[in-house]
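# Coordinates in review
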Amino acid sequence: SCLCRDSITEVIKKVRATDLTEEPFESISKPALALRKSMDTLSTGWSLGLLGMVLTSLISSLAQFSYAINRDFTSSYDVVEGREPGTTRKMMYIPCMLWAFFSLGLAKDLANTSSRCDLVMVELNQMGIKHGPEYHSKIDWLVCMLRRLNSGQGLGFTLGYTVIDRKTINHTAVKLAS
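Residues numbered from 1 in each chain as written. Predicted model: local features only at pLDDT ≥ 70, side-chain atom pairs only at ≥ 80, totals over all residues. Heavy atoms only, no water.

## Comments concerning the side chain of threonine 88
Short version of the rule: We count a stretch as a helix when DSSP gives it H or I for four or more residues in a row; a strand needs E for two or more, and each element gets its number in order from the N terminus. Residue contacts follow a heavy-atom distance rule, with two residues in contact if any of their heavy atoms lie within 4.5 Å.
Turning to its location among the elements, threonine 88 is positioned in helix H4 (residues 87-131). When sequence neighbours within four positions are dropped, the list of residues in contact with threonine 88 reads Thr74, Tyr77, Asp78 and Arg83.

Here you go:
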């Protein structure tokens, strides 16, 4: 993930520093398009491991939830431990929520790397504004190629056929919390 972020940062710096009136367009298009290979390698290497960890943490969360809603179990546990009735039940919800949000924490670093790819698009847009309409078609071609990656979701870390970025993580967190 760090190596991909470094590659993305290098492309951003290259786009910022390039003057298309003095350098060929390929000096930015080739490194930008090469990010696809880096992100594909990251996705291939981490997606199954991330999926396994997310599923494990969600299953653990569901197990804690099933214990928490089982009144007979929690009531008898309260009696054995000498606690006030309902204490164990309330305590079971805490690990349930922790396990649920742990899975999101695992994906955060990879999501940050994907979201960094959006900055490349921002810089390309700024380059288009800076250089005007005479370079619009070339810059627009590159932006379109990058946006069309991953079934129109753009450049980023993929899990299955979904790009995992900060927006995806935030939407998932809101769904889990509600």
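## Points about the confidence of the model for the chain
Counted only if it meets this: One confidence number per residue, pLDDT, is output by the predictor and ranges from 0 to 100.
Per-chain confidence: the chain averages 88 in pLDDT, with 100% of residues scoring 70 or above. Mean pLDDT across the elements of the chain ranges from a minimum in helix H7 (residues 166-177), with 83, to a maximum in helix H5 (residues 136-147), with 92.

## Let's talk about a nonpolar patch on the surface
Note the threshold: Two distance rules govern patches: like charges are joined within 9 Å, and nonpolar side chains (Val, Leu, Ile, Met, Phe, Trp, Tyr) within 5 Å, applied only to residues with over 30% relative accessible area and no salt bridge. Here the accessible surface of atoms and residues is derived via Shrake-Rupley with a 1.4 Å probe, and residues count as covered only by protein chains that are part of the display. Salt bridges, as used here, are contacts in which a Lys or Arg side-chain nitrogen is within 4 Å of a carboxyl oxygen on Asp or Glu.
Taken together, the side chains of Leu48, Leu51, Leu55 and Ile59 present a nonpolar region at the surface, about 410 Å² in accessible area. Following the sequence through the fold, leucine 48 ends up in helix H2 (residues 26-69).

## What about the environment of glutamine 64?
Where we set the bar: For every residue, the accessible area (1.4 Å probe, protein chains only) is compared with the maximum for its type, and the residue is labelled buried under 20%, exposed over 50%, or partly exposed between those bounds.
Checked against the element boundaries, glutamine 64 lands in helix H2. Under the relative-accessibility criterion, glutamine 64 is labelled buried at 18%. Linking glutamine 64 and methionine 91, residues 27 residues apart in sequence, is a C-alpha distance of 9.8 Å. Discounting residues that sit within four places of it in the chain, glutamine 64 has contacts with Met92, Pro95, Cys96 and Trp99.

## Thoughts on the state of the cysteines
Note the following rule: By disulfide we mean two sulfur atoms from cysteines, separated by a distance within 2.5 Å.
Applying the stated criterion across every chain yields a total of 0 disulfides. Of all cysteine sulfurs in the structure, the one in cysteine 117 sits closest to cysteine 4, which takes part in no disulfide; the separation is 7.8 Å.

## What about the pattern of salt bridges?
Overall, the coordinates contain 4 salt bridges when judged by the stated rule. The closest approach of N and O atoms between arginine 5 and aspartate 109, which form a salt bridge, is 2.9 Å. With a gap of 104 residues between them, arginine 5 in helix H1 (residues 2-17) and aspartate 109 in helix H4 connect regions that are remote in the sequence. Between arginine 16 and glutamate 123 there is a salt bridge, with the nearest N and O atoms lying 3.1 Å from each other. Taken as a pair, arginine 16 in helix H1 and glutamate 123 in helix H4 lie far apart in primary sequence, 107 residues in all.

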